[in-house]
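Given next are the chains, with one letter for each unit.
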Amino acid sequence: MLFFSFFKSLVGKDVVIELKNDLSICGTLHSVDQYLNMKLTDITVSDPERFPHMVSVKNCFIRGSVVRYVQLPSDQVDTQLLADSCRKELADSKAKQ
């Protein structure tokens, strides 16, 4: 749930998503769901020679299970808040045990 909340806070920001098939897609994060499926708008492909079929695509839906990496803008990431949230979630899960 932590990553879902984190990615929801990045809606409207530019991200680069690298897929497991080595395709990197740059675009604006439009939406994300609880399975970390993501919808991007205004996309571009980092290697159009290798993936020419993606050049004409402007919007896409990416299934969360095929994502390898999500590159975020460094100025948009509050690392202190993210670290605190991780610690809180870990403490909550230990308290339930």
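Preceding this paragraph is the structure being described.
Bear in mind that the values here come from a model prediction, so they are computed numbers and not experimental data. Per chain, the residues get numbers from 1 upward, laid out in the order the sequence is written. In view of the model being predicted, local features appear only for residues whose pLDDT reaches at least 70, and side-chain atom pairs are presented and counted only at 80 or more, with totals across whole chains, interfaces and linings using the full set of residues. Side-chain measures here rest on the full set of heavy atoms in the structure, leaving out hydrogens and waters.

1. Examining the overall build of the protein chain
- When its secondary structure is counted, the protein chain shows two helices and five strands.
- Put simply, DSSP H or I for four residues or longer makes a helix, DSSP E for two residues or longer makes a strand, and each gets a number counted from the N terminus. Mapped in sequence order, the helices and strands of the protein chain form the string α-β-β-β-β-β-α.
- On the principal axes, the C-alpha backbone points of the protein chain span a range of 50 × 25 × 20 Å.
- For the protein chain, with 97 residues in total, the buried portion stands at 30%.
- Methods summary: accessible areas were calculated by the Shrake-Rupley approach with a probe of 1.4 Å, and residue burial reflects only the protein chains presented. Accessible area of the protein chain: about 6600 Å², with a carbon and sulfur share of 54%.
- Measuring between centres, the 12 positive side-chain charges of the protein chain sit 7 Å from its 12 negative side-chain charges. Whether a residue is buried, partly exposed or exposed follows from its accessible area with a 1.4 Å probe, protein chains only, as a fraction of its type maximum: under 20%, in between, or over 50%, in that order. Counted charges follow a simple rule, with Lys and Arg positive, Asp and Glu negative, and His plus the chain ends left uncounted. Charge positions are represented by NZ for Lys, CZ for Arg, CG for Asp and CD for Glu.

2. As for the pairing of strand 1 (residues 14-19)
- Of all six residues that make up strand 1, five are buried, and the element is covered over most of its length.
- Direction of pairing for strand 1 relative to strand 2 (residues 24-32): antiparallel, over a ladder of five bridges. From the neighbouring strand, Val16 faces strand 2, where its bridge partner is Cys26.
- Between strand 1 and strand 2, which pair antiparallel one after the other, the connecting turn spans four residues, and Asp22 there sits at a positive phi close to 70°.
- Note: strand 1 against strand 5 (residues 67-71), four bridges, orientation antiparallel. Across the sheet, the residue bridging to Val16 is Gln71, located in strand 5. Pairing between strands is defined by DSSP: at least two bridges between the two strands are required.

3. Topic: the nonpolar core
- Residues belong to a common nonpolar core when they are buried Ala, Val, Leu, Ile, Met, Phe, Trp, Tyr or Cys residues joined through side-chain atoms within 4.5 Å. Of all hydrophobic cores here, the largest spans 20 residues; its most connected members are Ile17, Leu19, Leu23, Ile25, Leu40, Met54 and Ile62.
- Counting residues per element, the ones that place at least two in this core are helix 1 (2-8), strand 1, strand 2, strand 3 (38-45) and strand 4 (59-62).
- Considering every element that reaches this core, the biggest residue donor is strand 3, with four residues.
- Every residue pair with non-hydrogen atoms within 4.5 Å of one another is taken to be in contact. Beyond its immediate chain neighbours, meaning those up to four positions away, Ile62 contacts Ile17, Leu19, Ile25, Leu36, Asn37, Met38, Leu40 and Val67.

4. Remarks on the sheet that holds strand 5
- Read from one edge of the open sheet, five strands run 4-3-2-1-5, paired in antiparallel fashion. A single partner strand is all that each edge strand has here, and the edge strands are strand 4 and strand 5. The mean inter-strand angle of the sheet, taken between neighbouring strand axes irrespective of direction, is 40°. For helices, the fitted line uses only the C-alpha atoms of the stretch in contact; every axis is such a line through C-alpha atoms, and the angle between N-to-C directions lies from 0 to 180 degrees.

5. Re the environment of Ile62
- Position of Ile62 among the secondary structure elements: in strand 4.
- Taking the relative accessible area as the measure of exposure, Ile62 reaches 4% and is therefore buried.
- Here the alpha-carbon distance between Ile62 and Leu36, two residues 26 residues apart in the chain, equals 8.8 Å.

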